[in-house]
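Architecture and fold: a report
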Amino acid sequence: GLILNLMPCVFPVLSLKALSIAANSTQQAQQKRDALFYSAGVVLSFVALALLLIVLRAAGAAIGWGFQLQSPYMVALLVYLLFALGLSLSGVVQFGLGLMNTGGALATAKGSKGSFFTGVLAVIVASPCTAPFMGSALGYAVTQSAPVALLVFAALGLGMALPFLLLAFIPGFARILPKPGAWMDTLKQLLAYPLYLSAVWLLWVYGRQAGVDAQALLLIGLVCVACACWLWGRKQLAQAGRVGAGIALLLILLALALPVLAPKPATQQAQSSATQHWQPWSAATLKQLREQGKPVLVNMTADWCITCLVNERVALNTDSSK
């Protein structure tokens, strides 16, 4: 859980959040309350996801961590979210304190409610890039009983929230942080680029899932998101009125509709076994090969799974594996 704080989708958030705690070190009571609600949001989100996995597994569904990323529309929403958060850090538009307070009205709300939904947003944003670091914990959890699995997920959430709890309840940790100043704005802008790179990666995943035509539509959606954020930023500066805000809302709705309207990718023709040693999954083929006594490796992969892609490159798609 602690390691998850170092993920490129999450680290820009945590650094800004930590600096905000240091900048408001005099309001210790509010800090402690916000840290507790933030931690509750993180832990309960992990537990809720664990419950969903347990229920679906009990129903016979073969799923694991990150299963939501098998949905191209979910991937498209994450592309939009990370891109918008990057624009916020770049100064195009202001969403609260930055990345972690930008999941909508709930996450941007002040006080305990905002802190709780900030924790929920942290788990959502973190999910695409945490699988390699959670593999051992998840592999253990899925083989255990439901109570043990829930305990493992709760521990992951507690580990992810622990830095904020330490900063809020142990003032000495906050004193270690550098003093706030003008340099924080420069750091905030620099931290936008890991988010842009994460959006590019998910955009590639979306193209692999939905095809190049759908990817082009999603790029148009990103332009709509950029324009909407720009218009909203002008409204915040009192340089645009209700018309600009209305146009921004329409652009967001258009961006959300584009992935739904995207054409389905054309079915790729399977290559002959003479030119490649992999075959598309077929239960009949598996049964036939097993009856012949031949060893079979079933490669259950996903384009968003970095570990899977590395294994394919260095171990599976090699001459020695043919």
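Residues numbered from 1 in each chain as written. Predicted model: local features only at pLDDT ≥ 70, side-chain atom pairs only at ≥ 80, totals over all residues. Heavy atoms only, no water.

Attention now moves to the overall build of the protein. Counting its regular elements, the protein contains 14 helices and zero strands. Overall, the protein shows an N-to-C arrangement of helices and strands of α-α-α-α-α-α-α-α-α-α-α-α-α-α. Across the 322 residues that make up the protein, the buried fraction comes to 39%. Total accessible area on the protein stands at roughly 17700 Å², and carbon and sulfur atoms take up 66% of it. (Helix = DSSP H or I, 4+ residues; strand = E, 2+ residues; numbered from the N terminus. Buried < 20%, exposed > 50% of the residue type's maximum accessible area, 1.4 Å probe, protein only. Areas by Shrake-Rupley, 256 points an atom, 1.4 Å probe, with all protein chains shown as cover.)

Moving on, we come to the packing of helix α3 (residues 72–89) against helix α10 (residues 192–210). Running from N to C, α3 and α10 cross one another at 160°; their axes reach a closest spacing of 8 Å. In terms of orientation, α3 lies roughly antiparallel with respect to α10. α3 and α10 meet at a crossing whose hand is left-handed. Of the residues in α10, those touching α3 at P72, V75, A76, L78, V79, L82, F83, L85, G86, L87 and L89 are A192, L195, Y196, S198, A199, L202, L203, V205, Y206, Q209 and A210. Partitioning the contact of α3 with α10 into residue classes produces 19 nonpolar, three polar and no charged. (Axes fitted to C-alpha atoms, helices over the stretch in contact; angles between N-to-C directions. Parallel < 35°, antiparallel > 145°, perpendicular 65-115°, else oblique. Left-handed = near helix turned anticlockwise from the far one by under 90°. Contact = heavy atoms within 4.5 Å. Nonpolar A, V, L, I, M, F, W, Y, C, P; charged D, E, K, R; others polar.)

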